[in-house]
Amino acid sequence: MSRFSPGRRSVLAAAASLGLSFALPPLTGRAAERRGAERAKSLLILWMQGGMSQLETFDPHPGTAIGGPTKAVKTSLPGVQFADLLPRTAERADRLNVVRSLTSAEGDHERATYFLKTGYRPDPTVQHPSAGAVAAYASPPEGLEIPAHVALNPAQWAPRGGYLGARFDAFQVHDPGRPPANLRDWAAPARRERRLAGLDALSRSFAAGRPGQLARSRHDEATEEALAMMDSPQVGAFEIDEESAALRAAYGDTRFGRGCLVARRLIETGVRAVEVTLNGFDTHADNFGGMATQAESLDPALAALLDDLTARDLLQSTVVLVMTEFGRTPRINPLDGRDHWPKGFSCLVGGGGLASGRVIGATDPAGEKEPTDPVRVQDLFATVFDTLGIDPEEEEMTPIGRPLKRAEGAPLAALRV
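Only a predicted model underlies this, so the values are computations on that prediction, with no experimental measurement involved.

So, how was this worked out
- Residues numbered from 1 in each chain as written.
- Predicted model: local features only at pLDDT ≥ 70, side-chain atom pairs only at ≥ 80, totals over all residues.
- Heavy atoms only, no water.
- Helix = DSSP H or I, 4+ residues; strand = E, 2+ residues; numbered from the N terminus.
- Rg over C-alpha atoms; globule rule 2.2 N^0.38 Å.
- Buried < 20%, exposed > 50% of the residue type's maximum accessible area, 1.4 Å probe, protein only.
- Lys, Arg positive; Asp, Glu negative; His and termini not counted.
- Charge placed at Lys NZ, Arg CZ, Asp CG, Glu CD.
- Axes fitted to C-alpha atoms, helices over the stretch in contact; angles between N-to-C directions.
- Parallel < 35°, antiparallel > 145°, perpendicular 65-115°, else oblique.
- Left-handed = near helix turned anticlockwise from the far one by under 90°.
- Contact = heavy atoms within 4.5 Å.
- Pairing = 2+ DSSP bridges.

This part is about the overall build of the chain. A count of helical and extended segments in the chain gives 11 helices and 15 strands. Whereas a compact globule of 417 residues would reach a radius of gyration of roughly 22 Å, the chain reaches 22 Å, a difference of no more than 12%. In terms of its C-alpha atoms, the chain occupies a principal-axis envelope of roughly 70 × 50 × 40 Å. Per-residue burial over the chain gives 54% buried out of 417 residues. The distance from the centre of the 47 positive side-chain charges to the centre of the 52 negative ones in the chain is 4 Å.

Spelled out as structure tokens, the structure:
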């Protein structure tokens, strides 16, 4: 539903001609300033594109045939080790939960990404919405003037609205911290008025005889949302210049590091769902060198993000999920790489009121047996939605009249407080 009433664009144009401000009221009840449990919940997904190795991150097996050269370091959880590539994350492991037994039946990148982003395996008869789209749809933030669902540094298969519609597709920023210049309106009021008048003339011409096509295009609605965003002070959440040099350095001057910092700013502003992508985990060759390179971006950014969310009292209202489409094989291939492995891989999940410091499941040190306490992707999604205050059992009607639950699983009791 548009935040604008019919004719709002003409009002905006008229106001612009008079040099008036387009600033809209801040979030209802100054929601952006609320902290802790009083704050509306958001979802923050750190997406490891390509299939992150569990053995070089959150589930190392040093000194075994499957462990390779990777060493382990102690974490802040007694008896729990992470790979030595992630020392800073290891020091903060107690703030989240470690799932070491995530299982999937999808070993192809595209299909597995669909499954891990939507909670549903691909089905040619329906396009399911991503978790972020469901969060933005089921719990719309009032008074937000920027998109409620944002993807930072997206790679292939950015999160989509699926059957909920294109308005729930993630707004994509490909170089976080350096947002596109057209996020702000630099035109003088008179020039802007002329542009909007011209656009109105084109729109009326296009709409003549095509009412259905115009409605499906969302052209008017998207234009009005874009105008509102450009005029809003909330668009500053996409920029990081006002953050201290020390904080920016802590996150790391990489697209992923800047993306995590922008994500914190967006969530603090009231954005309901943000996904930040770190690409490059498809390590069929030189797995150990590739993982070391990826960890140089992941470890400082994730550690700084957890510190920042904690210091600003935002972790209790933000579900943080660090995940990937599948893991990597216990067997090391002749190219010193690891191949696709959906039979037992890792993710981190926590915040938002979930328990913390728990470890679920374990993988076989020999890489031969099934993991203990396996966790289904569907149950992970149900847990996330339940924590966000979204009923996973509630059904949505697709455009063809097919009712579908928001998640096919059940919340994990092991992650409840």
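Two numbers describe how helix H5 (residues 189-207) lies on helix H7 (residues 219-231): the axes approach to 12 Å, and their chain directions differ by 170°. When the axes of H5 and H7 are compared, the pair comes out roughly antiparallel. Crossing of H5 over H7 shows right-handed handedness. Facing H5, whose interface residues are Arg192, Leu196, Leu199 and Ser203, H7 presents His219, Asp220, Thr223, Leu227 and Asp231.

Moving on to the pairing of strand S8 (residues 318-324). Burial of S8 is extensive: 7 of the 7 residues sit out of reach of the surface. Strand direction decides the pairing type here: S8 and strand S11 (residues 345-350), joined by 3 bridges, are antiparallel. Its bridge partner lying in S11, Leu321 is registered against Val349.

Right, let's talk about helix H11 (residues 377-387) for a bit. Residue pairs three or four apart in sequence face the same way in an α-helix, which turns once every 3.6 residues. Burial analysis of H11 places 10 of its 11 residues in the buried class, which makes it a mostly covered element. Restricting attention to buried positions, one finds in H11 the residues Val377, Gln378, Asp379, Leu380, Phe381, Ala382, Thr383, Val384, Phe385 and Thr387.

The topology assignment puts Leu302 in helix H10 (residues 287-311). Of the residues examined, Leu302 reaches a relative accessible area of 0% and is grouped as buried. Sequence separation of Leu302 and Tyr251 is 51 residues, and the distance between their C-alpha atoms is 7.6 Å. Ignoring anything within four residues of it in the chain, the contact list for Leu302 reads Leu46, Thr89, Val322 and Leu348.

On to unusual backbone geometry, then. Trans peptide bonds make up the majority, and among non-glycine residues the majority have a negative phi. Located in the positive-phi region is Asp286, a residue other than glycine, with phi close to 50°. Assignment of secondary structure puts Asp286 in the loop between strand S7 (273-279) and H10. Judged by its relative accessible area of 44%, Asp286 falls in the partly exposed class. Of note, Asp373 is a non-glycine position whose phi angle comes to about 50°, a positive value. Tracing the sequence through the fold places Asp373 in the loop between strand S12 (359-360) and strand S13 (375-376).

Along the backbone, Asp286 and Arg338 are 52 residues apart, and their C-alpha atoms lie at a distance of 8.3 Å. When near neighbours in sequence (up to four residues on either side) are disregarded, Asp286 contacts Leu335, Asp336 and Gly337.

The interhelical angle for the contact between helix H3 (residues 109-118) and H11, taken along N-to-C directions, is 30°, at an axis separation of 8 Å. Listed contacts from H11 to Phe115, Leu116, Lys117 and Thr118 of H3 are Val377, Gln378 and Phe381.

Here we come to H3. Of all 10 residues that make up H3, 8 are buried, and the element is covered over most of its length. Those residues of H3 that fall on the buried side of the exposure criterion are His109, Ala112, Thr113, Tyr114, Phe115, Leu116, Lys117 and Thr118. The first or second residue beyond H3 is Gly119, which carries a positive phi of 85°.

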